[in-house]
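Summary of structural features
This is what each chain is made of:
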Amino acid sequence: MLIDTHAHLDEQTFDVDREEVLQRAADAGVERILTIGINVATSRAAVELAEQYEMLSAVVGIQPNYVHDVQPGDWEVIEELVTHPQVVGIGETGLDRYWDYAPIDLQREYFDRHLDLSRRVNKPFVVHCREAEADVVEQLRRASDVGSLNGVMHSFCGDADVAEACLEMGMHISFAGMVTYKKSDALRAVAARVPHDRLLVETDAPYLSPVPLRGKRNEPANVTHTAKCVAQQTGLSLERLSAITTANARNLFLLP
Ligand SMILES: [Zn+2]
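Given the structure is predicted, the values throughout are model-derived calculations rather than measurements. (Residues numbered from 1 in each chain as written. Predicted model: local features only at pLDDT ≥ 70, side-chain atom pairs only at ≥ 80, totals over all residues.)

So, about the overall build of the protein. Tallying secondary structure elements over the protein gives 9 helices and 8 strands in all. Relative to its length of 256 residues, the protein is compact, with a C-alpha radius of gyration of 17 Å against a globular reference of 18 Å. With respect to the three principal axes, the spread of C-alpha positions in the protein is 45 × 40 × 30 Å. The burial tally for the protein puts 51% of its 256 residues in the buried class. (Helix = DSSP H or I, 4+ residues; strand = E, 2+ residues; numbered from the N terminus. Rg over C-alpha atoms; globule rule 2.2 N^0.38 Å. Buried ≥ 20, exposed ≤ 12 C-beta atoms within 10 Å, placed from the backbone.)

A few words on the pairing of strand 1 (residues 2-7). Of all 6 residues in strand 1, 6 are buried, a share of seventy percent or more. With 4 bridges joining them, strand 1 and strand 2 (residues 30-36) adopt parallel strand pairing. The residue of strand 2 that forms the bridge with isoleucine 3 is arginine 32. Of the crossover connections in this fold, the one passing from strand 1 over helix 1 (residues 18-27) to the parallel strand 2 is right-handed. (Pairing = 2+ DSSP bridges. Right-handed = clockwise from strand over helix to strand, strands pointing away.)

Attention shifts here to the nonpolar core. Counting residues in each nonpolar core, the largest one holds 76 residues, and the members touching the most others are Ala58, Val59, Val60, Ile173 and Val230. Those residues in contact with valine 230, other than ones at most four positions away along the chain, are Phe175, Val179, Ala191, Leu199, Val201 and Leu241. (Core = buried A, V, L, I, M, F, W, Y, C linked by C-beta atoms within 7 Å. Contact = placed C-beta atoms within 7 Å.)

If you trace the 8 strands from one edge of the open sheet to the other, you get 1-2-3-4-5-6-7-8, paired in parallel fashion. With one partner strand each, in any of the chains shown, strand 1 and strand 8 (199-201) form the two edges of the open sheet. Sheet twist, expressed as the average angle between the axes of neighbouring strands with direction ignored, equals 30°. Each of strand 2, strand 3 (56-60) and strand 4 (87-96) touches helix 2 (residues 40-52); the most contacted strand, strand 3, lies at about 160° to it. (Axes fitted to C-alpha atoms, helices over the stretch in contact; angles between N-to-C directions.)

Spanning 12 residues, helix 5 (residues 133-144) covers 16 Å between terminal C-alpha atoms, matching the ideal 16 Å at 1.5 Å per step. For helix 5, every residue scored as buried is listed here: Glu133, Val136, Val137 and Leu140. In an axial view of helix 5, the angular spread of the buried residues amounts to 95°, which keeps them on one side of the axis. Where helix 5 is buried, its residues meet strand 4, strand 5 (125-130) and helix 6 (160-168). (Expected span 1.5 Å × (residues − 1). Arc of directions from axis to C-beta.)

This part takes up the pairing of strand 5. Burial within strand 5 is extensive, with 5 of its 6 residues counted as buried. Read as a crossover between parallel neighbours, the route from strand 4 over helix 4 (residues 104-121) to strand 5 is right-handed. The β-α-β motif built from strand 5, the intervening helix 5 and the parallel element strand 6 (residues 151-153) has right-handed crossover chirality.

The next thing to look at is the packing of helix 7 (residues 185-193) against helix 8 (residues 223-234). Helix-helix packing is described using two parameters, namely the angle between the two axes and the distance between the axes. The geometry of helix 7 relative to helix 8 is characterised by a closest axis approach of 8 Å and an angle of 70° between their N-to-C directions. In terms of axis orientation, helix 7 runs roughly perpendicular to helix 8. In the packing of helix 7 onto helix 8, the handedness of the crossing is right-handed. Between helix 7 and helix 8, the residues in contact are Arg188, Ala191 and Ala192 and Val230, Gln233 and Thr234, respectively. Here the residues of the contact of helix 7 with helix 8 sort into 3 nonpolar, 2 polar and 1 charged. (Parallel < 35°, antiparallel > 145°, perpendicular 65-115°, else oblique. Left-handed = near helix turned anticlockwise from the far one by under 90°. Nonpolar A, V, L, I, M, F, W, Y, C, P; charged D, E, K, R; others polar.)

Attention now goes to the environment of phenylalanine 253. Relative to the helices and strands, phenylalanine 253 resides in helix 9 (residues 238-253). C-beta crowding within 10 Å serves as the criterion here: with 24 such atoms nearby, phenylalanine 253 is assigned to the buried category. Considered as a pair, phenylalanine 253 and lysine 123 are 130 residues apart in the sequence and their alpha carbons are 6.9 Å apart.

What follows is the structure, given as structure tokens:
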């Protein structure tokens, strides 16, 4: 059994075959998928999907590349959606210096809002970090002054120091398809050193297809390839790694 802790199943690319995608995931041993919002519309869509399909849970928030598009009242909608029983986390949030769509100060402000909300409603947060590792660690450190952090670094691609800093603050580390890429030796070395009780796996579907499916549309069934790769790094069997990461996801997101 496996849990895909990060996918975007509301995306248009899945409109043609969403039920088949879910069936293929179930056939591959994926028992639950977290579908993640990136703004108000997609957060609403994530909640609707989680109401519709038993194997889905939702995470709601405003992704850093969309914070400059926020309309009056949007944040209040997120605050309301988080109370929905099918919503198991807050995000994705964080910082992104790669796309540089939104001013970094506005990204920081929303990152803090998500961290506050996560603490208030006692649901974990999901961090997106792209070319902003130092800034993310710094902001997490300030948040961790109040207490240990209840969250996950999604699709982790930082170095060993960043991983260590996040682990020290209580964070989980989630690996996506990138860890399977040929050039990702350093990332695989990081995966090998993450304590087993903090490890998670995900697809980030429809993006980041793992080897051997690189370049194709990604879907939750493919989390098995990433799990296999992480299992090899950690010296665990695929069965053991699957059981461990599934238990971790259940404990962190308080999943059914
Ligand atoms: Zn995502």
